[in-house]
Amino acid sequence: MALGAGILESLRQALGDDVVLDPATNDITARRRDFSFEGTAPVLAVVLPRDTDQVSKAMRLCHEAGVAVTPQGGLSGLAGGAVPVAESVLISTERMRAVEELDPAAQTLTVQAGVVLETIQNTAADAGFFFPVDLGGRGSAQAGGLASTNAGGNCVLRYGMMREVILGMEVVLPDGTVITSLNKMIKNNAGYDLKQMFIGAEGTLGVITRLVLRLYPAPQATCTGLVACAAYDDVLKLLDRCRRGFGSGLTAFECMWADFYRLGTDAYGRPAPLPHGHGFYVIVETQGADQDADNTRFETVIGEAMEDGAALDAVIARSSRETTALWAIRDTPGDYSKVLNPAINFDVSLSVGRIGEFAAECHVKLAARWGDIHDVYFGHIADSNLHISARLVPGHIEPKAVKDIVYGCVGAFGGSISAEHGIGIDKRDYLHHSRSPEEIALMRRVKAALDPAGLINPGKVF
Ligand SMILES: Cc1cc2nc3c(=O)[nH]c(=O)nc-3n(C[C@H](O)[C@H](O)[C@H](O)COP(=O)(O)OP(=O)(O)OC[C@H]3O[C@@H](n4cnc5c(N)ncnc54)[C@H](O)[C@@H]3O)c2cc1C
């Protein structure tokens, strides 16, 4: 008898028909896709638990039956980590939407794993706090998925990625054991910090059920400007000046190469806030507590960068409308379907000082293979994160060939093939470019210790 036979019935008996859906009688098409990939493997059951106990029961039954499980959050991931690529039971946290506690003294928010990012941000804001992880998928990405991918986004430079804002976690291991570690303390060196193993593990070690998230006081003032530089070395000088001049107030340093800037303005009919012709365009943003004092400081620091030649030209946003217009250029990838379609997008990391050299070499290699390639570059370079997008031409410029060149180049520069989005199924074949055989072997030992039968999220990461 097949291993999966009878698991639907066992799950239903333990959890009820309301919690366990039969894929034969329910349309699960949407549950097979994340934002970029589709999984076509057989799905034995869909479990929609409401609490940790139900997750634990489902995991234990699957473990005893030798059946694999695929953890799912908001399905906004960009690496295919949540789609079924092996026969499995889907366990979705979509009903685990309780905001359990906001502790103003500890500055923490305790949530179930299915709470959506936008709800976390709004709950924090309503209480005068700020939750700093922010990204385009905020309307669907859930706390558990954000933790499992160690998501980053727009404010990493100042506040860090999910890893930096998670103080406590509850997780269900593959055999159903519940590990409750809802720590609220900043300092806690009592043995191993076990939650770190599950952050960024892409659901391959356990199902996260609850999280304690760190909050910050809401910022009172924001300054935004666009600065033009001639060369990447000048961008680095500008970055150094901004880091020293703004200290921890510097929240964004988004660098757009000239071709990206042209695409983000001309291709959309947007007016260019600074003229074309410069090599690089950088959005600089700060957050602080006093708008007038911050405006003065912003003008002084950018003015000094222009005096010493690092910056050639600059505009400072004078209204929220102007701020939005500057960010719209940087947010062009959200609307690539209009200008760069179909496109392949990369999210890589490199040592900040070498990103300019890397981008130039990567472009030369791509152009040597396809004289007509349209590739553009931009990045949160202060976070060491570079995004590359290239237009695909079916039958001519194919995804695998582009990946081989870009990831080969990343490996040669000692970079990471995934800055933010994870490995999932998308980058599995390329992990060796960024991790040594010893590192991958250690990852496999950790996996084997927690999941010896390989039942949780098989086929992902490695
Ligand atoms: C428009 C857009 C913009 C984005 N921008 C950014 C960005 O700027 N920075 C960035 O870092 N990311 C970005 N992302 C991707 C981001 O990583 C995901 O949106 C998010 O982190 C995944 O959350 P999710 O709940 O949708 O998880 P899913 O997509 O459902 O799952 C993602 C992974 O986590 C696992 N998982 C999900 N829930 C759990 C759980 N409770 N326990 C264990 N494993 C679990 C899944 O198995 C899978 O491997 C963007 C996505 C979109 C759509």
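Look up: the structure comes first, before these words.
Residues numbered from 1 in each chain as written. Predicted model: local features only at pLDDT ≥ 70, side-chain atom pairs only at ≥ 80, totals over all residues. Heavy atoms only, no water.

**Some points on the packing of aromatic side chains**
Working step 1: For the coordinates displayed, the defined rule picks out twelve aromatic pairs.
Working step 2: An angle of 65° between the planes, with centres 4.9 Å apart, marks the rings of Y159 and Y216 as edge-to-face. One end of the pair, Y159, is in helix α5 (residues 156-159); the other, Y216, is in strand β11 (residues 216-217), with 57 residues separating them in the sequence. Each member of the pair, Y159 as well as Y216, is classed as buried.
Working step 3: Between W257 and F280 the ring centres are 5.1 Å apart and the planes differ by 70°, which places this aromatic pair in the edge-to-face class. Taken together, the residues span a long stretch of sequence, with W257 in strand β13 (residues 250-257) and F280 in strand β14 (residues 280-288) at a distance of 23 residues.
Working step 4: According to the relative accessible area criterion, W257 is buried, its value standing at 11%.
Working step 5: Among the aromatic side chains, those forming a connected cluster through ring pairs are Y232, W257, F280 and Y377. (Phe/Tyr/Trp six-rings, centres within 6.5 Å; stacked < 30°, edge-to-face > 60°. Helix = DSSP H or I, 4+ residues; strand = E, 2+ residues; numbered from the N terminus. Buried < 20%, exposed > 50% of the residue type's maximum accessible area, 1.4 Å probe, protein only.)

**Some thoughts on the site of the ligand**
Working step 1: Inspection of the region around the ligand gives 34 residues, with P71, G74, S76, G77 and T149 positioned closest.
Working step 2: T149 is positioned with one of its side-chain polar atoms (N or O) 2.8 Å from an oxygen atom of the ligand.
Working step 3: Separating an oxygen atom of the ligand from a side-chain N or O atom of N457 is a distance of 3.2 Å.
Working step 4: Out of a free accessible area of 970 Å², the ligand has 92% covered by protein chains. (Near = heavy atom within 4 Å. Polar contact = N/O pair within 3.5 Å; in protein donor to acceptor, adjacent residues only side chain to side chain. Areas by Shrake-Rupley, 256 points an atom, 1.4 Å probe, with all protein chains shown as cover.)

**Considerations on the packing of helix α12 (residues 355-369) against helix α13 (residues 399-412)**
Working step 1: Interaxial distance between α12 and α13 falls to 10 Å at its minimum, and their mutual angle equals 150°. Judged by the inter-axis angle, α12 sits roughly antiparallel to α13. When the axes of α12 and α13 are compared, the crossing they make is right-handed. Residues F358, E361, C362, K365, L366 and R369 of α12 pack against A401, V402, I405, V406, C409 and V410 of α13.
Working step 2: Of the residues that constitute the contact of α12 with α13, the class distribution is nine nonpolar, no polar and three charged. (Axes fitted to C-alpha atoms, helices over the stretch in contact; angles between N-to-C directions. Parallel < 35°, antiparallel > 145°, perpendicular 65-115°, else oblique. Left-handed = near helix turned anticlockwise from the far one by under 90°. Contact = heavy atoms within 4.5 Å. Nonpolar A, V, L, I, M, F, W, Y, C, P; charged D, E, K, R; others polar.)

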